[in-house]
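A closer look at the structure
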Amino acid sequence: MIIRSGGAAVARPEYLRIAADLRRRIASGEWRPDDQLPTLPALSLEYAVSETTIRNALALLRNEGAIETRARAGTRVRQRPPVHRMAADRYRNAPGAPSTPYTRDQGIGWSEYRLDKRFEKVQADAELAALFECEIGERLLARHFVFHDNDQPTQMSTSYVRWSDVAGTPIADPIHEPWPGGTRAQLATVGITVTRVTESFTAAMPNEHEAATLRIGAGVPVLRYTRRHIADTGRVVEVAHPIVRRGDTTIVDFVIDLDD
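Residues numbered from 1 in each chain as written. Predicted model: local features only at pLDDT ≥ 70, side-chain atom pairs only at ≥ 80, totals over all residues. Heavy atoms only, no water.

For the rest of this paragraph, the subject is the pairing of strand S7 (residues 139–149). Here S7 lies mainly inside the structure; 10 of its 11 residues are buried. Across 11 bridges, strand S6 (residues 113–123) lies against S7 in antiparallel orientation. When the bridges of S7 are listed, Leu 115 appears paired with Phe 147. Taken together, the 10 bridges between S7 and strand S8 (residues 152–162) define a ladder with antiparallel strand orientation. Looking across to S8, one finds that Asp 149 is bridged to Gln 152. (Buried < 20%, exposed > 50% of the residue type's maximum accessible area, 1.4 Å probe, protein only. Helix = DSSP H or I, 4+ residues; strand = E, 2+ residues; numbered from the N terminus. Pairing = 2+ DSSP bridges.)

Put into structure tokens, the structure is as follows:
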């Protein structure tokens, strides 16, 4: 295939053409999730190219998370996780069964929720000090989380709280995680009333650690965002920086009320 760049004809690599066709066939339903793709020799014969070219095309789709290769099971179409909406009101208090903003985003119950966690004491660097509006070097508790929906990791974050707020309290002990009601409910137990939450979003390709933790291909974009919980006194009491989710299955809803 020939494409043009700057007026000059440029040959499009065959593996890109084949990857595009395989992607189309998967999207059309010719191969459904968990279906096994034809073997390398079969695809090589079908497309009249070398097995190396087919490997390159499959590597591209694997990088995108569209397919996966399992030992002794061949190459199969990967199950695509459902799309989840992050509602504008997810931080509001929710009556009823135990929940957090994450479980409400995912639409799962408490028994389907699992949280991997690791806590450590750190000092605020320049970036965190700016987010907390505090002095560089202030002591913080860093809480590293990986959120699981039915054993599938779908979100990761590092959440920081001021050590002076939580030292000697259950908040500083990872045994109490996950905490029904999330960060807002936690801080209420030490007399901190959160009245505002801010979030800032960016999108990017995942780094190696993010791709491995979330079990996604390096070609699957991620949504990264920074969240701040702000108390009724105006003091920043928690910073999650960053929160990371796969971007192709996340929809963020905003509600903007306008006064005429």
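Position of Pro 242 relative to the elements: it lies in strand S11 (residues 236–246). Pro 242 gets classed as partly exposed once you look at its relative accessible area, which sits at 31%. Placed 152 residues apart in sequence, Pro 242 and Arg 90 show a C-alpha to C-alpha distance of 18 Å. The residues touching Pro 242, leaving out its near neighbours within four places in the chain, are Met 156, Ser 157, Thr 158, Arg 224 and Tyr 225. (Contact = heavy atoms within 4.5 Å.)

The next thing to look at is the pattern of salt bridges. Here the structure, examined in full by the defined rule, presents 19 salt bridges. Arg 118 is paired through a salt bridge with Glu 120; the nearest N and O atoms lie 3.7 Å apart. The class for Arg 118 is partly exposed, based on a relative accessible area of 47%. Residue Asp 165 is joined to Arg 235 by a salt bridge in which the shortest nitrogen-to-oxygen separation is 3.1 Å. You can see Asp 165 sitting in helix H6 (residues 163–166) and its partner Arg 235 sitting in the loop between strand S10 (222–231) and S11, a full 70 residues away along the chain. Salt bridges sharing partners connect three or more residues here, namely Arg 25, Glu 30 and Glu 46. (Salt bridge = Lys/Arg side-chain N within 4 Å of Asp/Glu carboxyl O.)

Its place among the elements puts Asp 248 in the loop between S11 and strand S12 (250–252). With 20 residues separating them along the chain, Asp 248 and Arg 228 place their C-alpha atoms 24 Å apart. Filtering out sequence-adjacent residues up to four positions away, Asp 248 remains in contact with Arg 80, Val 220 and Pro 221.

The next subject is the sheet that holds S10. Spatial ordering of the open sheet is given by S6-S7-S8-S11-S10-S9, a layout of six strands whose pairing is antiparallel. Edge strands, defined here as strands with exactly one partner in the open sheet, are S6 and strand S9 (194–204). Strand-to-strand twist in this sheet, taken as the mean axis angle between neighbours without regard to direction, amounts to 15 degrees. (Axes fitted to C-alpha atoms, helices over the stretch in contact; angles between N-to-C directions.)

Of all the positions in helix H2 (residues 40–47), only Leu 43, Ser 44 and Tyr 47 are classed as buried. The buried residues of H2 all sit within an arc of 105 degrees when viewed along its axis, so they share a single face. In this structure, the buried residues of H2 make contact with helix H1 (14–28) and helix H3 (51–63). Looking at the residues trailing H2, positive phi occurs at Ala 48, about 55 degrees. (Arc of directions from axis to C-beta.)

Attention shifts here to the packing of H1 against H3. Running from N to C, H1 and H3 point in directions that differ by 55 degrees, and their axes come no closer than 8 Å. By the angle class used here, H1 and H3 are oblique. Once H1 is placed against H3, the crossing between them reads as right-handed. Contact with H1, carried on its side by Glu 14, Tyr 15, Leu 16, Ile 18, Ala 19, Leu 22, Arg 23 and Ile 26, involves Thr 53, Ile 54, Asn 56, Ala 57, Leu 58, Leu 60 and Leu 61 of H3 and no other residues of that element. Looking at side-chain class alone, the contact of H1 with H3 contains 11 nonpolar, two polar and two charged residues. (Parallel < 35°, antiparallel > 145°, perpendicular 65-115°, else oblique. Left-handed = near helix turned anticlockwise from the far one by under 90°. Nonpolar A, V, L, I, M, F, W, Y, C, P; charged D, E, K, R; others polar.)

Let us look at a nonpolar patch on the surface. On the surface, Phe 254, Ile 256 and Leu 258 cluster together to form a nonpolar patch covering roughly 410 Å² of accessible area. Inspection of the secondary structure assignment puts Ile 256 in the segment after S12. (Patch = residues over 30% accessible without salt bridge, like charges linked within 9 Å, V, L, I, M, F, W, Y side chains within 5 Å. Areas by Shrake-Rupley, 256 points an atom, 1.4 Å probe, with all protein chains shown as cover.)

Next up on the list: the nonpolar core. The biggest cluster of nonpolar side chains holds 19 residues, and the ones touching the most others in it are Tyr 113, Leu 141, Phe 147, Val 166, Leu 187 and Val 237. Look past the residues within four positions of Val 166 in its chain and what remains in contact with it is Leu 141, Val 161, Ile 171 and Ala 172. Ranked by size, the runner-up nonpolar core spans 15 residues in total, among them Ala 19, Ile 26, Trp 31 and Leu 58. (Core = buried A, V, L, I, M, F, W, Y, C linked by side-chain atoms within 4.5 Å.)

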